[in-house]
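Structural features, examined
Listed below, chain by chain, are the residues.
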Amino acid sequence: MIRRILPLLLCASIGCGPAASPEEASADALRRGRLSPEYDLRFWLLRAGDPAFTEAARYCEGRSLGDHPNCRPVRQALLLTSDTTREEARLRELEVRLRVMEDSLRRELERLTQTPRP
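Every residue gets a number counted from 1 within its own chain, in the order that chain's sequence is written. Residue-level local features of this predicted model are given only where pLDDT is at least 70; pairs of side-chain atoms are given and counted only at 80 or more, and the full residue set underlies all totals for whole chains, interfaces and linings. Side-chain numbers come from the whole structure's heavy atoms, not from hydrogens or water.

Turning to the layout of surface pockets, a few remarks are in order. Where empty space is left in the structure can be found by rolling a water-sized probe over the atoms. Volume-wise, the largest pocket comes out at about 310 Å³. Together, 14 residues line the largest pocket, and Glu61, Arg75, Leu78, Arg92 and Val96 are the ones closest to its centre. Those elements that provide at least two residues to the lining of the largest pocket are helix 4 (51–60), helix 5 (71–81) and helix 6 (86–114). Here the nonpolar group is Ala, Val, Leu, Ile, Met, Phe, Trp, Tyr, Cys and Pro; Asp, Glu, Lys and Arg are the charged ones; every other residue, Gly included, is treated as polar. Of the residues contributing to the lining of the largest pocket, the split by class is 6 nonpolar, 2 polar and 6 charged. The pocket and cavity definitions rest on a 1 Å grid over protein atoms only: a 1.4 Å probe that fits but cannot leave marks a cavity, an open set with protein on both sides within 12 Å along at least five of seven lines marks a pocket, and residues lining either have an atom within 4 Å of a point. Grid points are joined across faces, edges and corners, and a volume is the space filled by probe spheres set on the points. Secondary structure elements are defined from DSSP: runs of H or I of at least 4 residues count as helices, runs of E of at least 2 residues count as strands, and each element is numbered from the N terminus.

Attention now moves to the confidence of the model for the chain. Summing up the model confidence of the chain, the mean pLDDT is 79 and the portion of residues at 70 or higher is 74%. For the chain, the element scoring lowest by mean pLDDT is helix 1 (residues 2–14), at 47; helix 4 scores highest, at 91. Confidence scores per residue from the predictor, reported as pLDDT, run from 0 to 100.

What follows deals with helix 4. For each residue, the accessible area found with a 1.4 Å probe, counting protein chains only, is set against the maximum for its type, and the residue is called buried under 20%, exposed over 50%, and partly exposed in between. Of all the positions in helix 4, only Phe53, Ala56, Ala57 and Cys60 are classed as buried. Within helix 4, the buried residues cover an arc of 100° as seen down the axis, which keeps them to one side. In helix 4, the exposed residues that point more than 90 degrees away from the buried face are Pro51 and Arg58. In the segment just after helix 4, Gly62 is the residue with positive phi, at about 80°. Working definition: the arc comes from the directions between the helix axis and the C-beta atoms, pointing outward to the latter.

Here we come to the state of the cysteines. By disulfide we mean two sulfur atoms from cysteines, separated by a distance within 2.5 Å. On inspection of all chains with the given rule, the structure shows 1 disulfide. Between the sulfur of Cys60 and that of Cys71 lies a disulfide, 2.1 Å long from S to S. Since a negative S-S torsion denotes a left-handed disulfide, the Cys60-Cys71 link at about -75° is left-handed. Of this pair, Cys60 sits in helix 4 while Cys71 sits in helix 5, and the two are 11 residues apart along the sequence. For the pair Cys60 and Cys71, a shared accessibility class is recorded, and that class is buried.

What follows concerns the side chain of Asp103. One can find Asp103 in helix 6. On the basis of relative accessibility, which here comes to 13%, the residue Asp103 falls in the buried class. Beyond its immediate sequence surroundings of up to four residues, Asp103 is in contact with Ser64, Leu65 and Gly66. The criterion used for residue contact is that any of the two residues' heavy atoms lie within 4.5 Å.

Pasting the structure below:
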């Protein structure tokens, strides 16, 4: 009896559905607010030009890197694989960093203004 129940309990706790494809898993990672080491710059560079990369680039366009940290390697791969000059790529990277800082400061300001004062 235990031999039959134990696998069912294990399945219920960790999930036993079919494994997600790399495209589905990477798309899920983009939505998470936690940086995923698996979907790094190398992962996206190897997929540059693929439909999954195009979809990821479209998803990440204009999204806050503070809320979508897994979009950073997608944007970096997009910069490295596009036909732009080094100066343009550097300016874009600086713009991305500025947006991240701006998002972080905005969240901190919201946190500070929502905290009750004694």
